[in-house]
Amino acid sequence: MTKQYKNYVNGEWKLSENEIKIYAPASGEELGSVPAMTQAEVDDVYASAKAALPAWRALSYVERANYLHKAADILVRDAEKIGSVLSQEVAKGHKSAVSEVIRTAEIINYAAEEGLRMEGEVLEGGSFEAASKKKIAIVRREPVGLVLAISPFNYPVNLAGSKIAPALIAGNVVALKPPTQGSISGILLAQAFAEAGIPAGVFNTITGRGSVIGDYIVEHEAVNFINFTGSTPVGERIGKLAGMRPIMLELGGKDSAIVLEDADLDVAAKNIVAGAFGYSGQRCTAVKRVLVMDSVADALVEKVSQKVSALTIGNPEDDADITPLIDTKAADFVEGLINDAKEKGAQPLHEIKREGNLVCPLVFDKVTTDMRLAWEEPFGPVLPFIRVKSVEEAIKISNESEYGLQASVFTNNFPRAFAIAEQLEVGTVHINNKTQRGTDNFPFLGAKKSGAGVQGVKYSIEAMTSVKSVVFDIE
Ligand code: NAP
Ligand code: G3H
């Protein structure tokens, strides 16, 4: 029998009556089981979190920071062990999985330090009417209360830690709902906080399928803030169920890499391949289409195609560049996009090949805007090239996407790059680099259907706190 992982609730490790077995996507090996929590058990999680809130928020920043630093140290100590499980559980290359754990420790430490810099402000009256001159406002931030953190399969530790740490340092209590495929990794993260001695009830986990308990955990009146990363349809549903409660949504993307005539094509090719095929394309910030000027298209396509041919294909433990996708449904979806592009006349530059959930990396040239691949997010290793005649056409196609996460512009003309960046309807534009979330103190956000709210340590703390003013007269 494999290990039965437990939820961390009110400082104790708990099983539920039913469990969900977790299998490795690459090998099919059973990795263990996690509890399928009932609604009554969710009620207990929320009640214990709420009970822990007054004492936790009463601590000073430095006291809360000490717990976070301890948890970060434990993650660094156990990075290899946690990374190995994570690598198997979501079929991520072993080195990347270990880096994910280390990056999470760094975010936790940074959040702890950022908490120490939390400052309120004092405002003087007198700007609107003479009589208000004697008024003073002391403006401070206070925790929102109970934060429900829901993380996706592709970063089960990091996109949990990046929500939990800013929430905790600000004085909130947290319930983490990890992705089902990624639950074990989420529980290992919780073990680090437990070992760090975080007070009972301050940080808890809820496992169970989103399709079964999702609505219940979101709608529950105990929850004060929902911090979600995942797909756009689920994010939209959460947005509706949240009602008037504040939310943070980090959703899908269709990031464009726009390549101009004067770009350094070697730099562009290197970044496009790394950006499109890292973790087999299963990143929200992956480069998901290339909009290249006609005059340099042949040369760029050749460079990118060569690099893609050199990618290694295999298993996570071998650190292959391309590993099996998270599940069969994901691989079927990518195959559907490939078939549509092929039928409509796009030119595949590599062999179209799939074995089980393993989809071999593929570049399509001459993709046109009537193809699904021009607009839909594959979340897999297939990259479309759309040839354009002008910068205006590239901007137009980029902005016609329902998504607005990020974009890249490759050019040696910086004023032009800035002018293009201003016109792109996205949260972040990278110049001469791949689209990416980091560094983690930078703001990270999506426009349109890519999200709501701003992540990034300082911004996450701001989002998960509310402003409280105390106003008085000085005479
Ligand atoms: P997903 O299917 O939306 O799942 C995300 C999380 O939501 C999981 O924990 C899932 O639990 C849970 N969930 C599912 N249904 C729910 C419901 N009705 N109520 C509450 N929670 C529910 O997304 P995914 O497949 O894990 O991730 C891939 C998608 O996420 C892609 O579209 C990608 O672009 C996006 N993503 C965006 C970002 C970003 O920062 N913008 C980062 C990473 C990923 P279960 O696993 O139990 O279903
Ligand atoms: O998948 C979404 C993540 O937020 C992307 O993070 O750009 O560091 O891979 P990343």
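Residues numbered from 1 in each chain as written. Chains lettered and ligands numbered in written order. Predicted model: local features only at pLDDT ≥ 70, side-chain atom pairs only at ≥ 80, totals over all residues. Heavy atoms only, no water.

The name that an unreviewed UniProt entry assigns to the protein chain is NADP-dependent glyceraldehyde-3-phosphate dehydrogenase, with the source organism given as Streptococcus urinalis 2285-97. Of the protein chain, the UniProt comment under Subunit (unreviewed entry) reads exactly: "Homotetramer." Under the UniProt heading Catalytic activity (unreviewed entry), the note attached to the protein chain is "D-glyceraldehyde 3-phosphate + NADP(+) + H2O = (2R)-3-phosphoglycerate + NADPH + 2 H(+)". (UniProt positions renumbered as here; feature names shortened; annotations may be inferred.)

**Student:** It is not clear to me how the sheet that holds strand β12 (residues 255-259) should be interpreted in this structure. Could you clarify?
**Tutor:** Consider a sheet: its strands pair through backbone hydrogen bonds, and that pairing is either parallel or antiparallel. Read across the open sheet, the seven strands follow the order β14-β17-β18-β13-β12-β20-β21; overall the sheet is mixed. Looking at the sheet topology across the chains shown, the edges are occupied by β14 (347-348) and β21 (428-431). As defined by bridge partners, strand β17 (residues 362-365) adjoins strand β18 (residues 382-388) across three bridges and the pair is classed as parallel. Considered in β18, the bridge of leucine 362 is made with valine 382. In the packing of helix α11 (residues 328-343) onto the sheet, the strands contacted are β17 and β18, and the crossing angle to β17 comes to about 30°. Contacting β12, β13 (287-293) and β18, helix α12 (residues 391-399) crosses the sheet at an angle of about 160° to β13. (Pairing = 2+ DSSP bridges. Helix = DSSP H or I, 4+ residues; strand = E, 2+ residues; numbered from the N terminus. Contact = heavy atoms within 4.5 Å. Axes fitted to C-alpha atoms, helices over the stretch in contact; angles between N-to-C directions.)

**Student:** Just to check I follow, could you spell out empty space enclosed by the protein for this structure?
**Tutor:** Taking a probe equal in size to a water molecule and rolling it over the atoms shows the remaining empty space. Counted by the stated rule, this structure contains three cavities of 30 Å³ or more. Of the voids in this model, the largest cavity is the one considered here, and its volume is about 90 Å³. If you trace the largest cavity, you find it lined by Ile107, Ser162, Pro166, Arg437, Thr439, Asp440, Phe442, Phe444, Gln455, Gly456, Val457 and Ser460. Elements supplying a minimum of two residues to the lining of the largest cavity: α5 (158-169) and α14 (457-463). Residue composition of the lining of the largest cavity, grouped by class: five nonpolar, five polar and two charged. In terms of lining, the second largest cavity is formed by 15 residues, of which the most central are Lys254, Ser398, Tyr403, Gly404 and Val426. (1 Å grid on protein atoms, 1.4 Å probe; cavity = no way out; pocket = protein on both sides within 12 Å on 5 of 7 lines; lining within 4 Å. Points joined across faces, edges and corners; volume = space filled by probe spheres on them. Nonpolar A, V, L, I, M, F, W, Y, C, P; charged D, E, K, R; others polar.)

**Student:** Sorry if this is basic, but what is going on with the sheet that holds strand β6 (residues 135-143) here?
**Tutor:** A sheet is described by the order of its strands in space; here three strands give the open sequence β5-β6-β24, paired in antiparallel fashion. One side of each edge strand has no neighbouring strand; the edge strands of this open sheet are β5 (121-124) and β24 (465-473). Ignoring strand direction, the axes of neighbouring strands in this sheet form an average angle of 25°. Relative to β24, β6 is paired through nine bridges, and the arrangement is antiparallel. Paired with isoleucine 136 across the bridge in β24 is phenylalanine 472.

**Student:** Would you mind showing me how to read the layout of surface pockets here?
**Tutor:** Taken as a whole, the second largest pocket holds about 740 Å³ of empty space. Ser96, Tyr155, Gly278, Tyr279 and Arg283 are the residues nearest the centre of the second largest pocket, which is lined by 29 residues in total. Contributions of two or more residues to the lining of the second largest pocket are made by α4 (94-116) and α9 (265-277). Per element, the largest residue contribution to the lining of the second largest pocket is seven residues, and it comes from α4.

**Student:** Any chance you could explain the pairing of β12 here in plain terms?
**Tutor:** Regular strands place their side chains on alternate faces of the sheet. Counting buried positions along β12 yields five of five residues, so the element is predominantly enclosed. The side-chain alternation of β12 yields two buried faces, one formed by Asp255, Ala257 and Val259 and the other by Ser256 and Ile258. Summarising the sheet, β12 and β13 pair through five bridges and their orientation is parallel. Opposite aspartate 255, over in β13, you have valine 287 as the bridge partner. Following the chain from β12 across α9 to the adjacent parallel β13, one finds a crossover that is right-handed. Summarising the sheet, β12 and strand β20 (residues 406-410) pair through four bridges and their orientation is parallel. Bridge pairing in β20 places alanine 257 opposite serine 408. (Buried < 20%, exposed > 50% of the residue type's maximum accessible area, 1.4 Å probe, protein only. Right-handed = clockwise from strand over helix to strand, strands pointing away.)

**Student:** Any chance you could explain the packing of aromatic side chains here in plain terms?
**Tutor:** Within a pair of aromatic rings, the relevant descriptors are the distance that separates the centres and the angle that separates the planes. Scanning all chains against the criterion turns up five aromatic pairs. Geometrically, the ring pair formed by tyrosine 8 and tryptophan 13 is tilted, given 4.6 Å between the ring centres and 40° between the ring planes. Assessed through its relative accessible area of 33%, tryptophan 13 is described here as partly exposed. Centre to centre, the rings of phenylalanine 153 and phenylalanine 379 are 5.9 Å apart; their planes meet at 80°, and the pair counts as edge-to-face. With phenylalanine 153 in the loop between β7 (146-150) and α5 and phenylalanine 379 in the loop between β17 and β18, the pair connects residues that are 226 residues apart, well separated along the chain. For the pair phenylalanine 153 and phenylalanine 379, a shared accessibility class is recorded, and that class is buried. When the ring centre of tyrosine 110 is taken as origin, the NZ or CZ atom of arginine 117, which lies over that ring, is 5.9 Å away. (Phe/Tyr/Trp six-rings, centres within 6.5 Å; stacked < 30°, edge-to-face > 60°. Lys NZ or Arg CZ within 6 Å of the ring centre and 35° of its normal.)

**Student:** Hey, could you run me through the site of ligand 2 in this one?
**Tutor:** Looking at ligand 2, the residues that line it are Arg103, Asn154, Tyr155, Leu159, Arg283, Cys284, Thr285, Gln436, Arg437 and Phe444. A distance of 2.7 Å separates an oxygen atom of ligand 2 from a polar atom in the backbone of cysteine 284. Here threonine 285 contributes a side-chain N or O atom positioned 2.6 Å from an oxygen atom of ligand 2. Burial of ligand 2 by the surrounding chains reaches 96%, relative to a free accessible area of 300 Å². Taken atom by atom, the bulk of ligand 2 overlaps the second largest pocket. Here the residues of the shell around ligand 2 are counted per class, giving four nonpolar, three polar and three charged. (Near = heavy atom within 4 Å. Polar contact = N/O pair within 3.5 Å; in protein donor to acceptor, adjacent residues only side chain to side chain. Areas by Shrake-Rupley, 256 points an atom, 1.4 Å probe, with all protein chains shown as cover. Sits in = over half its atoms within 2 Å of the grid points.)

**Student:** So what exactly am I meant to see when it comes to the side chain of threonine 428 here?
**Tutor:** With respect to the helices, strands and loops of the structure, threonine 428 is situated in strand β21. For threonine 428, a relative accessible area of 19% gives the class buried. In contact with threonine 428, other than residues within four places in its own chain, are Leu405, Gln406, Ala407 and Pro443.

**Student:** What exactly am I supposed to notice about the environment of serine 84 here?
**Tutor:** Relative to the elements of secondary structure, serine 84 occurs in helix α3 (residues 79-90). Looking at serine 84, the relative accessible area reads 29%, which means it is partly exposed. Distance from serine 84 to glutamate 317, taken between C-alpha atoms, is 8.1 Å for residues 233 residues apart in sequence. Polar contacts involving the side chain of serine 84 include one to the main-chain carbonyl oxygen of glutamate 80, which spans 2.9 Å.

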